[in-house]
Amino acid sequence: METRPEPMSTPLSSSPDRDQAPVSTPGQSSPARLEPQHLPPQALPAEPTPDHALVWHEGRLFLLDQRYLPARADFLAIDSAAATARAIKDMVVRGAPAIGIAAAYGVVMAARDRFRQDPQAWPDLIQADLDELAASRPTAVNLFWALERMRRCLAELTAGLSAKGRPLVVNPEHAGVYLDKLNVEPEKVVAISGLTDAVSGRLGADPGQVGADPTPVLLAEAMAIHAEDIAANRRMGQLGASLIQGPTAVITHCNAGALATGGFGTALGVIRQAHAEGRITQVYADETRPWLQGTRLTAWELAQDGIPVTLQADGAAASLMAQGGIGWVIVGADRIAANGDVANKIGTYGLAILARHHGIRFMVAAPTSTIDWGIADGSAIPIEERDPGEVLACGGNRLGPAGVSARNPVFDVTPAALVDAIVTERGIVERPTAERMRALLVPVEEKDRLAGNLVSDPSGSTAAMQAIASIG
Ligand code: MRU
């Protein structure tokens, strides 16, 4: 693997009523179902797009190297768990959901290599790989969420059972065993046949032996995590766009686009959808020092989509807001505490304060895999500190005078009180509090039932929503 280079440092829209229902799922209230457009990419494209941040191809993980975008759109081939951990640490792949997905594929390669090394002892040997992946970056909880999910899959494997207690049969003829893992309705089987073929065919069949080569099942789980993330982003796009009355301009910070996820993006997913619906006319992208994710990645993504984007220095947001015309600030998240406090790229907290001061609404778009239910509030979120040299340099050139120190916390925490809406694939939490956040834990069927009440009895809507908010 290559070593890490210096980062290239180089009148408001109408605001919806602040008293509206705290948790809502406009339109369809079920979590996203997998459709063909939710499938992870299966082949290496000649010309990568932002939706090719991660490609599993012929037993290796290809990462679109985000250190060099947009100057160069090159893939870096990763063939081990150690290389995956290094790529996460070095920002080859970044953005909370993308980090989690990369780690999941890292576990697949770890299992393959450890099984080859010792078909009996691999479950013990792989623990070191899981630890190495977990140590790659500290703040994005999606990393730990994905590793935990892979760990559960491993535990089921070593117990000789699949997730639903069926004997594990890894055989192309029985590829249907993956369907339960992919949470797909029977009528969607055709849509995912490419995925199952890839999973079972490419990696070869195991003749139905319990406890044999773990790779195919773990790969199916990693691909499911990848596909579900894309589906969640599409759903968040619809939900988030529904909040924007527009047409208006918006500000975004860092990169919460396809590159930061399995595909489509969180904050940029909302922006893509809202732009397509005519609700967003213009995006102002903060440059996002010191790694310049805004300049290099967000601008690249939006330009490719034909969405008008204007870059600005991070410090320029306040005067822009004062001029008027900005309806929303829309950002992603690296970790959301149980009370709705949000850790995201350094500078997000300042933007939220500015937005509140100027009467501009503040939206966080993040999948539920970004919520850390074990952390009561944002004070417990670990904030990554990176090399001060990243701040002292710009475009690889040292600019700060010799002997001067720099601080480089790369995330900050925005208190829930400054957030107008957290948009997840399971619904929107307006003006988040711990109680309103818990509504996201309501089983989908129960939520559907309550949402059904809502539709059939408009006068009972408040009661239904309160019921949703109070469950958990
Ligand atoms: O340091 P990075 O580039 O990994 O930080 C990324 C962010 O802060 C994103 O806003 C966040 O991960 C959300 S990505 C959908």
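The model shown is predicted, which means the values in this text are computed figures rather than measured ones.

Asks: Mind showing me how you'd approach the overall build of the chain here?
Replies: Scanning the chain for helices and strands turns up 15 helices and 17 strands. Sorting the 472 residues of the chain into buried and exposed places 52% on the buried side.

Asks: What's the story with the sheet that holds strand E4 (residues 75-78) in this structure? I'm lost.
Replies: Sheets are built from strands paired through backbone hydrogen bonds, the pairs being either parallel or antiparallel. Spatial ordering of the open sheet is given by E2-E3-E4, a layout of 3 strands whose pairing is antiparallel. At either margin of the open sheet sits one strand with a lone partner, and together these are strand E2 (54-57) and E4. Going across the sheet, the axis of each strand differs from the next one's by a mean of 25°, ignoring polarity. Both strand E3 (residues 60-64) and E4 contribute to a ladder of 4 bridges, which runs antiparallel. Of the residues in E4, the one forming a bridge with Leu 63 is Leu 76.

Asks: Explanation requested: the site of the ligand in the structure shown.
Replies: Surrounding the ligand, one finds 17 residues, the nearest of these being Arg 94, Ala 96, Ala 260, Gly 332 and Lys 345. At the level of elements, helix H2 (96-117) and strand E10 (342-345) are the ones that each hand at least two residues to the shell around the ligand.

Asks: Any chance you could explain unusual backbone geometry here in plain terms?
Replies: Here the bond from Gly 246 into Pro 247 is cis, since omega is -5°, no more than 30 degrees from zero. Within the secondary structure layout, Pro 247 lies in the loop between helix H7 (215-243) and strand E5 (248-252). The linkage connecting Arg 289 with the following residue, Pro 290, adopts the cis geometry, with an omega of 0°. Note that Pro 290 resides in the loop between strand E6 (280-286) and helix H9 (293-304).

Asks: So what exactly am I meant to see when it comes to the pairing of E2 here?
Replies: Each regular strand carries side chains that alternate between the two faces of the sheet. Here E2 pairs with E3 via 4 bridges, running antiparallel. Looking at the pairing, Leu 54 lines up with Leu 63 of E3.

Asks: Help me out: how do you make sense of the sheet that holds strand E12 (residues 371-372) in this one?
Replies: Ordered in space as E12-E9-E10-E15, the 4 strands form an open sheet in which the pairing is mixed. Since the sheet does not close on itself, it has two edges, and those belong to E12 and strand E15 (411-414), each with one partner. Summarising the sheet, strand E9 (residues 335-337) and E10 pair through 2 bridges and their orientation is antiparallel. Note that in E10 the partner of Ile 336 across the bridge is Val 342. Packed onto the sheet, helix H11 (residues 348-358) meets E10 and E15 and runs at close to 35° relative to E15.

Asks: Which parts of the structure should I look at to understand the confidence of the model for the chain?
Replies: Parts of the model with low pLDDT should not have their predicted coordinates read in detail. Mean pLDDT over the chain: 82, with 76% of residues reaching 70 or higher. For the stretch residues 1-22, pLDDT sits under 50, and the model shows 49 contacts to residues farther than four places along the chain or on other chains. Predicted confidence is poor over residues 452-472, with pLDDT under 50, and the contacts of this stretch with residues over four places away or in other chains come to 30 contacts.

Asks: I would appreciate a short explanation of the environment of Ala 439 in the present structure.
Replies: You can see Ala 439 is positioned in the loop between helix H13 (434-438) and helix H14 (444-456). Taking the C-alpha atoms as reference points, Ala 439 and Arg 426, 13 residues apart in sequence, are found 9.4 Å from one another.

Asks: What is the right way to read the packing of helix H1 (residues 81-89) against helix H3 (residues 122-134) from this model?
Replies: Packed helices, taken two at a time, are described by the angle their axes make and the gap between the axes. For the pair H1 and H3, interaxial distance at closest approach is 8 Å and the crossing angle is 10°. The angle between the axes of H1 and H3 places the two elements in the roughly parallel class. Listed contacts from H3 to Ala 81, Ala 82, Thr 84 and Ala 85 of H1 are Asp 129, Glu 132 and Leu 133.

Asks: When you look at the environment of Leu 441 in this model, what are you seeing that I'm missing?
Replies: In this structure, Leu 441 sits in the loop between H13 and H14. We classify Leu 441 as partly exposed; it has 14 C-beta atoms within 10 Å. Measuring from C-alpha to C-alpha, the distance between Leu 441 and Thr 368 comes to 9.4 Å, with 73 residues separating the pair along the chain.

Asks: Just checking my understanding: could you explain the environment of Ala 258 for this structure?
Replies: Looking at where Ala 258 falls in the secondary structure, it is placed in the loop between E5 and helix H8 (267-276). For Ala 258, a count of 28 C-beta atoms within 10 Å puts it in the buried group. A sequence separation of 40 residues divides Ala 258 from Thr 298, and the C-alpha atoms of the two residues are 9.2 Å apart. Apart from the residues within four sequence positions on either side, Ala 258 is in contact with Pro 50, Asp 51, Ala 53, Gly 263, Phe 264, Gly 265, Leu 268 and Glu 301.

Asks: Which parts of the structure should I look at to understand H11?
Replies: Count 3.6 residues to each turn of an α-helix, and residues three or four apart come out pointing the same way. For H11, the complete set of buried residues consists of Thr 348, Leu 351, Ala 352, Leu 354 and Ala 355. Buried residues of H11, seen end-on, are gathered within an arc of 165° and therefore sit on one face of the element. In this fold, the buried residues of H11 make contact with E5, helix H10 (317-323), strand E8 (326-331), E10, strand E11 (361-365) and E15. With its phi angle positive at about 70°, Gly 359 sits one or two positions after the end of H11.

Asks: Just checking my understanding: could you explain the nonpolar core for this structure?
Replies: Within the largest apolar cluster, 125 residues are counted, with the highest numbers of intra-cluster contacts made by Ala 102, Val 107, Val 329 and Met 363. Ranked by the residues each element gives to this core, the list is headed by H7, at 16 residues. Mapping this core onto the domain boundaries places at least three of its residues in each of domain 1 (18-32 + 231-471) and domain 2 (36-166 + 212-230). When neighbours within four sequence positions are excluded, Val 329 is seen to be in contact with Val 250, Ile 251, Leu 351, Ala 355, Ile 360, Phe 362 and Met 363.

Asks: What exactly am I supposed to notice about the packing of helix H4 (residues 141-158) against H7 here?
Replies: Their axes nearest at 10 Å, the elements H4 and H7 cross at an angle of 150°. In terms of their interaxial angle, H4 and H7 are classed as roughly antiparallel. Viewed along their axes, H4 and H7 form a crossing whose handedness is right-handed. Facing H4, whose interface residues are Ala 146, Arg 149, Met 150, Cys 153 and Leu 157, H7 presents Val 217, Leu 218, Glu 221 and Ile 225.

Asks: Honestly, H8 in this entry has me stumped. Any pointers?
Replies: The buried fraction of H8 is high, at 9 of 10 residues. When we look at burial in H8, the residues that qualify are Ala 267, Leu 268, Gly 269, Val 270, Ile 271, Arg 272, Gln 273, Ala 274 and His 275. Where H8 terminates, the next one or two residues include Gly 278, which has phi positive at roughly 80°.

The rules behind these values
Residues numbered from 1 in each chain as written. Predicted model: local features only at pLDDT ≥ 70, side-chain atom pairs only at ≥ 80, totals over all residues. Helix = DSSP H or I, 4+ residues; strand = E, 2+ residues; numbered from the N terminus. Buried ≥ 20, exposed ≤ 12 C-beta atoms within 10 Å, placed from the backbone. Pairing = 2+ DSSP bridges. Axes fitted to C-alpha atoms, helices over the stretch in contact; angles between N-to-C directions. Near = placed C-beta within 6 Å. Contact = placed C-beta atoms within 7 Å. pLDDT = per-residue confidence, 0-100. Parallel < 35°, antiparallel > 145°, perpendicular 65-115°, else oblique. Arc of directions from axis to C-beta. Core = buried A, V, L, I, M, F, W, Y, C linked by C-beta atoms within 7 Å. Domains from an automatic or database assignment. Left-handed = near helix turned anticlockwise from the far one by under 90°.

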